[in-house]
Number of protein chains: 2
Amino acid sequence: MKWVMKTGIFSVAILTAGTGLVAASSSGNTVPYPDGYRQWQHVKSMVIQAGHPLHGAFGGIHHLYANGKAMQGYKAGKFPDGAVIAFDLLEAPVADNAITEGERKVLGVMHKDSKKYAVTGGWGFEGFVGDSKTERAVGANAATACFGCHTAQKQKGYVFSAYRE
Amino acid sequence: MKWVMKTGIFSVAILTAGTGLVAASSSGNTVPYPDGYRQWQHVKSMVIQAGHPLHGAFGGIHHLYANGKAMQGYKAGKFPDGAVIAFDLLEAPVADNAITEGERKVLGVMHKDSKKYAVTGGWGFEGFVGDSKTERAVGANAATACFGCHTAQKQKGYVFSAYRE
């Protein structure tokens with residue numbers, strides 16, 4: 001599972017989505033799809049290109065969106081329960097010296113609930129494949145597929161991104 | 001002025017900002033700074049790289065943000081008075097196979113007021129330099145520096161961008 005954590009977080013997790021879904025449902029820890037996240041606050045963006053260690057999992061252009069409670073968290077450095085951060089990853093085709101936005105690859109979600117997700121720093125992690133609101137890429141594998149990397153950010157509430165003014 | 005329209009919209013306009021400011025003020029057509037635009041709806045993003053014909057003016061990563069009336073416009077195809085679109089252009093440094101967001105280069109603004117800006121399709125155009133809310137890059141040169149290109153988009157209300165779901 002080490003390789004998954006380093007280079008193929010979502011893409012590899014997809015391979016085990018069947019099992020993951022069952023496990024997630026039976027444990028009751030299913031992270032909800034973040035309805036309306038496109039209307040949330042745009043936090044920041046980044047493009048991950050070929051050759052980057054995370055290109056297999058996160059290659060493309062991504063935007064982070066935060067709900068109101070997550071914005072409180074970015075400002076306070078501590079995220080309250082109910083905070084949700086959406087990681088919107090799109091293809092990033094390059095043509096004529098410009099990078100544009102293509103199809104959605106995956107919508108990553110971090111959902112704060114200190115009790116429900118206590119084993120992963122109080123955050124539930126999920127990835128919704130493409131434009132699907134139901135096809136899950138992480139399921140019960142959040143501890144290894146997501147938290148393995150996010151745990152390094154403990155001092156920042158397990159969150160990598162920072163709000164760009 | 002033809003070269004300005006094709007390759008150096010904001011950067012060249014900056015050179016004439018002094019004159020522009022006076023003219024804009026005296027005509028009363030000063031486009032207001034779009035306070036709070038970072039909390040507006042994120043419309044779409046794009047990266048313009050070296051070699052692109054607009055790199056001189058718009059090189060970097062840009063995000064478009066729309067206020068409520070501009071969102072009505074994107075959906076209806078016709079922008080009501082009061083619609084404001086912000087074009088947030090940041091440096092886009094490339095390192096370790098990733099493109100991140102750097103300093104703000106210019107904040108472009110389109111502000112709809114059919115009467116006030118009748119000569120430029122009902123849109124007022126301005127560019128605020130860097131993080132400044134007062135240093136203007138367009139001033140009285142909107143017709144040549146901005147509308148020259150935007151006029152090609154007449155069928156889409158003079159707007160280039162489209163809302164990405």
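Along each chain, residues carry numbers from 1 onward, in the same order as the chain's sequence is written. Written order determines the labels here, with chains lettered from A and ligands numbered from 1. This being a predicted model, a pLDDT of at least 70 is required before a residue's local features are given, and a value of 80 or more before pairs of side-chain atoms are given or counted; all residues contribute to the totals for chains, interfaces and linings. For side-chain calculations, the full set of non-hydrogen atoms in the structure is used, while hydrogens and water are omitted.

J.: I keep staring at helix H5 (residues 68–76) of chain B and nothing clicks. Help me out?
T.: Each full turn of the α-helix corresponds to 3.6 residues, which orients residues three or four apart in the same direction. Residue and element names in this part refer to chain B. Residue exposure (1.4 Å probe, protein chains only): buried if accessible area is under 20% of the type maximum, exposed if over 50%, otherwise partly exposed. Numbered from the N terminus, helices here are DSSP runs of H or I no shorter than four residues, and strands are runs of E no shorter than two. If you check which residues of H5 are buried, you get Ala70, Met71, Gly73 and Tyr74. Each buried residue of H5 sits inside an arc of 155° when the element is viewed along its axis, so together they form one side. Among the exposed residues of H5, those oriented more than 90 degrees off its buried face are Gly68, Lys75 and Ala76. Of the residues flanking the end of H5, it is Gly77, one or two places downstream, whose phi is positive at about 85°. As used here, the arc is the angular range of directions from the helix axis to the C-beta atoms.

J.: Help me understand the interface of chain A and chain B in this model?
T.: By a widespread convention, an interface's size corresponds to the accessible area lost as its parts come together. Any two residues having at least one pair of non-hydrogen atoms within 4.5 Å are treated as being in contact. With 30 residues of chain A at the interface, the matching set in chain B holds 30 residues. Defined in terms of a 1.4 Å probe, buried area is the accessible area two parts forfeit on being brought together, summed over both. When chain A packs against chain B, close to 2300 Å² is buried across both sides, 42% of that on carbon and sulfur atoms. For the chain A face of the interface with chain B, the top three residues by lost area are Arg38, Asn97 and Arg164 of chain A, together amounting to 26%. For this analysis, a salt bridge means a side-chain nitrogen from Lys or Arg found within 4 Å of a carboxyl oxygen belonging to Asp or Glu. Between chain A and chain B we count 4 salt bridges in total. Residue Asp88 of chain A is joined to Arg164 of chain B by a salt bridge in which the shortest nitrogen-to-oxygen separation is 3.5 Å.

J.: Is there a simple way to think about the side chain of Gln153 of chain A in this case?
T.: All names here are of chain A. Tracing the backbone through its elements, the reader meets Gln153 in the segment after helix H6 (142–150). Residue classification places Gln153 among the buried positions, given a relative accessible area of 19%. In this structure Gln153 touches Tyr158, Val159 and Phe160, once residues within four positions along its chain are discounted.

J.: What is the right way to read the environment of Thr120 of chain A from this model?
T.: With respect to the helices and strands, the residue Thr120 of chain A is situated in the loop between strand E6 (104–112) and strand E7 (123–129). In contact with Thr120 of chain A, other than residues within four places in its own chain, are Phe125, Ala142, Ala143 and Phe147 of chain A.

J.: Explanation requested: the pairing of strand E7 (residues 123–129) of chain B in the structure shown.
T.: Remember that side chains alternate between the two faces of the sheet whenever the strand is regular. By the criterion of burial, E7 of chain B is predominantly enclosed, with 7 of the 7 residues buried. Along E7 of chain B, one buried face is formed by Trp123, Phe125, Gly127 and Val129 of chain B and the opposite face, lined by Gly124, Glu126 and Phe128 of chain B, is buried too.

J.: Explain the relation of the copies chain A and chain B here, please?
T.: Both copies of the chain are related through a single rotation about an axis accompanied by a shift along the same axis. In this comparison the copies share one frame, found by least squares on the C-alpha atoms of residues holding pLDDT of at least 70 in both. In screw terms, the move from chain A to chain B is a rotation of 180° and a rise of 0.0 Å along the axis, fitting with an RMSD of 0.0 Å. Interpreted geometrically, this transformation is the action of a two-fold axis. The C-alpha atom lying nearest the rotation axis in chain A is that of His42 of chain A; the distance is 3.1 Å. An overlap of 100% is found between the interface residues of chain A and their copies at the interface of chain B, pointing to a shared contact surface.

J.: Help me understand the packing of aromatic side chains in this model?
T.: Each pair of aromatic rings is reported with the distance of its centres and the angle of its planes. Residues and elements named next belong to chain B. Two aromatic rings, drawn from Phe, Tyr or Trp (for Trp, its six-membered ring), form a pair once their centres lie within 6.5 Å of each other, and the interplanar angle then sorts them: stacked below 30 degrees, edge-to-face above 60, tilted otherwise. On inspection of all chains with the given rule, the structure shows 15 aromatic pairs over all chains. Ring centres of Phe125 and Phe147 lie 6.3 Å apart, and the angle between their planes is 55°; this geometry places the pair in the tilted category. In this pair, Phe125 sits in strand E7 while Phe147 sits in helix H6 (residues 142–150), placing the two residues 22 residues apart along the sequence. Judged by relative accessible area, Phe125 falls into the buried class, the value being 5%. Assessed through its relative accessible area of 12%, Phe147 is described here as buried. Considering the side-chain rings of Phe147 and Tyr158, the 5.1 Å spacing of their centres and the 50° angle between planes classify their relative orientation as tilted. Of this pair, Phe147 sits in helix H6 while Tyr158 sits in the segment after H6, and the two are 11 residues apart along the sequence. Residue Tyr158 is classed as buried on the basis of its relative accessible area of 14%.

J.: Would you mind going over the pattern of salt bridges with me for this structure?
T.: Charged atoms that come close allow side chains of opposite charge to pair. Residues and elements named next belong to chain A. In total, this model carries 12 salt bridges over all chains according to the counting rule given. Residues Arg136 and Glu126 are paired through a salt bridge, measuring 3.1 Å at the closest nitrogen-oxygen approach. Placement of Arg136 in the loop between E7 and H6 and of Glu126 in strand E7 is noted, with a sequence separation of 10 residues between them. Each member of the pair, Arg136 as well as Glu126, is classed as buried.

J.: For this particular structure, what's the right way to read the sheet that holds strand E3 (residues 84–90) of chain A?
T.: Strand pairing within a sheet occurs via backbone hydrogen bonds; the two strands may be parallel or antiparallel. One bridge is not enough; two strands pair if DSSP finds at least two bridges between them. Spatial strand order, E7(A)-E6(A)-E3(A)-E2(A)-E1(A)-E5(B)-E4(B): 7 strands in an open sheet with antiparallel pairing. The open sheet has two free edges, formed respectively by E7 of chain A together with strand E4 (94–95) of chain B, since each of these has just one partner strand. With respect to the sheet, helix H5 (residues 68–76) of chain A is in contact with strand E1 (41–48), strand E2 (60–66) and E3 of chain A, its orientation differing from that of E2 of chain A by roughly 95°. Axis lines are fitted through C-alpha atoms, for helices just across the contact stretch, and the angle between N-to-C directions can take any value from 0 to 180 degrees.

J.: Please explain the sheet that holds strand E3 (residues 84–90) of chain B as it appears in this structure.
T.: Strand order across the open sheet formed by 7 strands is E4(A)-E5(A)-E1(B)-E2(B)-E3(B)-E6(B)-E7(B), with antiparallel pairing between neighbours. The sheet terminates laterally at strand E4 (94–95) of chain A together with E7 of chain B, the two strands that pair on one side only. Relative to strand E1 (residues 41–48) of chain B, strand E5 (residues 98–99) of chain A runs antiparallel, the two being bridged by 2 bridges. Across the sheet, residue Ile99 of chain A finds its bridge partner in E1 of chain B, namely Val47 of chain B. Along the sheet, H5 of chain B contacts E1, strand E2 (60–66) and E3 of chain B; its crossing angle with E2 of chain B, the most-contacted strand, is approximately 95°.

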